[in-house]
Amino acid sequence: GISDMNDFCSMREMLNGDFEYCGLGMWSTNGNAELHEENGNHYGYISDFENYQSEIYEGLWLNSGEMYTFKADLCTSGVECEMFIRNLDTGEIISSKAFSNTSWETHSIVAKIEKDANYQLGIRSVKSDSGWAKIDNASVDTPYSDLTYYDVSLSNSYSLGYNEASSFVEGFNILPSD
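Residues numbered from 1 in each chain as written. Predicted model: local features only at pLDDT ≥ 70, side-chain atom pairs only at ≥ 80, totals over all residues. Heavy atoms only, no water.

(A) Geometry of the state of the cysteines. Taken as a whole and assessed by the stated rule, the structure comprises zero disulfides. Between C75, a free cysteine, and C81, which holds the nearest cysteine sulfur, the sulfur-to-sulfur gap is 9.9 Å. Given a relative accessible area of 3%, C75 falls into the buried group. By relative accessible area, which is 0% here, C81 ends up buried. (Disulfide = S-S within 2.5 Å. Buried < 20%, exposed > 50% of the residue type's maximum accessible area, 1.4 Å probe, protein only.)

Next up, the structure:
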């Protein structure tokens, strides 16, 4: 996403949360952060905390007045790290959770957004310790997560519909003109 530029809106949904699509594509990094692979599974990896504050995050545009849940599978070498949601404009951490589990566990944090803006969602080191942390299967439940899109193609006609909370549009057909 455009997670480091205030003048542009970032994506509205987390993409490549499992790191399988395009490595670190869609993710931003600081310090010592990289892509790792183990038994065919790709994940984000931060380390070398004694020399850097390492972090890996995706940038998303979040809307004011909405609740967002950021969740991911996380593990560490036993050092304390932090899962966070940070406002790009102010640098303020609006929601965070410490974690230090040494095997994969799913963690989540929730934030109510007070201002439309770009936000960074990810993990970071918080102490100058040697160690590492991993992130995989990251996702964000947003007001748009309840949308279900249907794209059905039958010869030259297409149907598209969506389901959002209490409203539902059944769809329509687009036929080629003669």
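What follows picks up the thread again.
(B) The arrangement of the nonpolar core in detail. Among the nonpolar cores identified, the biggest contains 29 residues, and F70, I123 and I135 are the most heavily contacted of them. For this core, the secondary-structure elements that each account for two or more residues are β4 (55-62), β5 (67-76), β6 (81-87), β8 (105-112), β9 (117-125) and β10 (132-141). Those residues in contact with I135, other than ones at most four positions away along the chain, are F19, W27, Y43, G44, I56, F70, A72, D73, L74, W104 and I123. (Core = buried A, V, L, I, M, F, W, Y, C linked by side-chain atoms within 4.5 Å. Helix = DSSP H or I, 4+ residues; strand = E, 2+ residues; numbered from the N terminus. Contact = heavy atoms within 4.5 Å.)

(C) Highlighting the side chain of S54. Counting through the fold element by element, S54 comes out in the loop between β3 (41-47) and β4. Within the local environment of S54, its side chain forms a polar contact with the backbone nitrogen of N32, the two atoms lying 3.0 Å apart. Setting aside residues up to four positions removed in sequence, S54 forms contacts with N30, G31, N32, I46, S47, D48, F49, I123, R124 and S125. (Polar contact = N/O pair within 3.5 Å; in protein donor to acceptor, adjacent residues only side chain to side chain.)

(D) Here's a closer look at the sheet that holds β5. Within the open sheet, the five strands sit side by side as β2-β3-β10-β5-β8. Their pairing is antiparallel. The strands lining the two open edges of the sheet, one partner per strand, are β2 (32-38) and β8. Adjacent strand axes in the sheet meet at a mean angle of 35°, parallel and antiparallel pairs treated alike. Bridging between β5 and β10 involves seven bridges; their strand directions are antiparallel. (Pairing = 2+ DSSP bridges. Axes fitted to C-alpha atoms, helices over the stretch in contact; angles between N-to-C directions.)

(E) A look at the pattern of salt bridges. Under the counting rule described, the total for this entry stands at five salt bridges. Residue K127 is joined to E80 by a salt bridge in which the shortest nitrogen-to-oxygen separation is 3.7 Å. Remark: E80 occurs in the loop between β5 and β6 and K127 occurs in the loop between β9 and β10; sequence separation between them is 47 residues. According to the relative accessible area criterion, E80 is partly exposed, its value standing at 35%. (Salt bridge = Lys/Arg side-chain N within 4 Å of Asp/Glu carboxyl O.)

(F) Seen up close, the confidence of the model for the chain. Of the residues in the chain, 73% have a pLDDT of 70 or more, and the chain-wide mean is 79. Low pLDDT, under 50, characterises residues 1-9; the predicted model gives this stretch 26 contacts beyond four residues in sequence or across chains. In this model residues 145-178 is a low-confidence stretch, pLDDT under 50, and it forms 43 contacts with partners more than four residues away in sequence or in other chains. (pLDDT = per-residue confidence, 0-100.)

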